[in-house]
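One-letter residues, chain by chain:
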Amino acid sequence: KIIGDHSAFAPDVVELIDKALARTRDNDGTTLAIALNYGAQDEIARAAAKAAAKGEVTVESIGAELDTADMPPLDLLIRTSGEVRLSNFLLWQAAYAEMCFLDVLWPDFTPDHLAQALAEFAQRERRFGGR
C-alpha cells in the first residue's frame, strides 16, 4: 500500500508503482505501507476535499478518505533520530497512538531497538483520551 500521492512522480515510475500495487492487491497476510510523497497535512486536506465532495464533512467522513482508511488504527509510532516531533507524519492517525522516541538513526535501527520500543509500549496504560 502506498500512502501519499505517488502520482507526482514521473509517468514511468507511477506505472511501475501501479503495476506493483495491482500484482500485490490480493495478497493475504501483512500489509506493507510505504510513504511516497507523503505529508499528513496534505493527506488530511485531500481527505477533507473528498469527504466534502460526497456530502457532510465529519470526523468519520474524513477518516474514511484517508490513505490509511483500510488499515487498523495506529497503536505505536516509533520516531527515530532523537527528534521529539511528528514532522508532518500520520498526524490524524497518531491522535491516540502511543509514541516512542529513540535516539538512533533509521539506518542503525535494529531488532533490539524494536524490542525496546515494544517493551516500553507493553508497560503503558492505554486510555484513548480518558483518565
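Residues numbered from 1 in each chain as written. Predicted model: local features only at pLDDT ≥ 70, side-chain atom pairs only at ≥ 80, totals over all residues. Heavy atoms only, no water.

Bringing the nonpolar core into the picture now. If you look at the biggest cluster of nonpolar residues, it comprises 7 residues: Ile3, Tyr38, Ala40, Leu77, Leu90, Ala94 and Ala97. Once residues within four sequence positions are removed from consideration, Leu77 is found in contact with Leu86, Phe89, Leu90, Ala94, Glu98, Met99 and Cys100. Counting residues in hydrophobic clusters, the runner-up holds 6 residues, among them Leu76, Cys100, Leu102 and Phe109. (Core = buried A, V, L, I, M, F, W, Y, C linked by side-chain atoms within 4.5 Å. Buried < 20%, exposed > 50% of the residue type's maximum accessible area, 1.4 Å probe, protein only. Contact = heavy atoms within 4.5 Å.)

As for its placement among the helices and strands, Arg79 is situated in strand β3 (residues 76-79). No salt bridge is formed by the buried Arg79; the nearest opposite charge belongs to Glu83, separated by 5.3 Å. Here Arg85 takes part through its backbone oxygen, which lies 3.0 Å from a polar atom of the side chain of Arg79. With residues up to four places along the chain from it excluded, the contact list for Arg79 reads Arg85, Leu86, Ser87, Cys100, Phe101 and Leu102. (Helix = DSSP H or I, 4+ residues; strand = E, 2+ residues; numbered from the N terminus. Lys, Arg positive; Asp, Glu negative; His and termini not counted. Salt bridge = Lys/Arg side-chain N within 4 Å of Asp/Glu carboxyl O. Polar contact = N/O pair within 3.5 Å; in protein donor to acceptor, adjacent residues only side chain to side chain.)

All told, the structure shown has 8 salt bridges when counted by the stated rule. With a closest N to O distance of 3.4 Å, Lys1 and Asp70 form a salt bridge. Here the residue Lys1 occupies a position in the segment before β1 (2-3), and Asp70 occupies one in the loop between α3 (59-63) and β3, the gap between them amounting to 69 residues. On the basis of relative accessibility, which here comes to 29%, the residue Lys1 falls in the partly exposed class. Two residues, Asp67 and Arg46, come together in a salt bridge whose shortest N-O distance is 2.9 Å. A residue pair is termed long-range when its members are at least 10 positions apart, and Asp67 in the loop between α3 and β3 and Arg46 in helix α2 (residues 40-54) qualify at 21 residues. A single salt-bridge network, built from bridges that share partners, covers Asp42, Arg46 and Asp67.

A few words now on the environment of Gly29. Within the fold, Gly29 resides in the loop between α1 (11-24) and β2 (34-35). Through-space distance from the C-alpha of Gly29 to that of Gly63 is 23 Å; in sequence the pair is 34 residues apart.

Looking at the element boundaries, Glu98 is found in strand β4 (residues 98-101). Only 3.2 Å separates the side chain of Glu98 from the side chain of Arg124, close enough to count as a polar contact.

This part is about unusual backbone geometry. Phi at Ser87 is positive, roughly 55°, even though this residue is not glycine. Mapping Ser87 onto the fold places it in the loop between β3 and β4.

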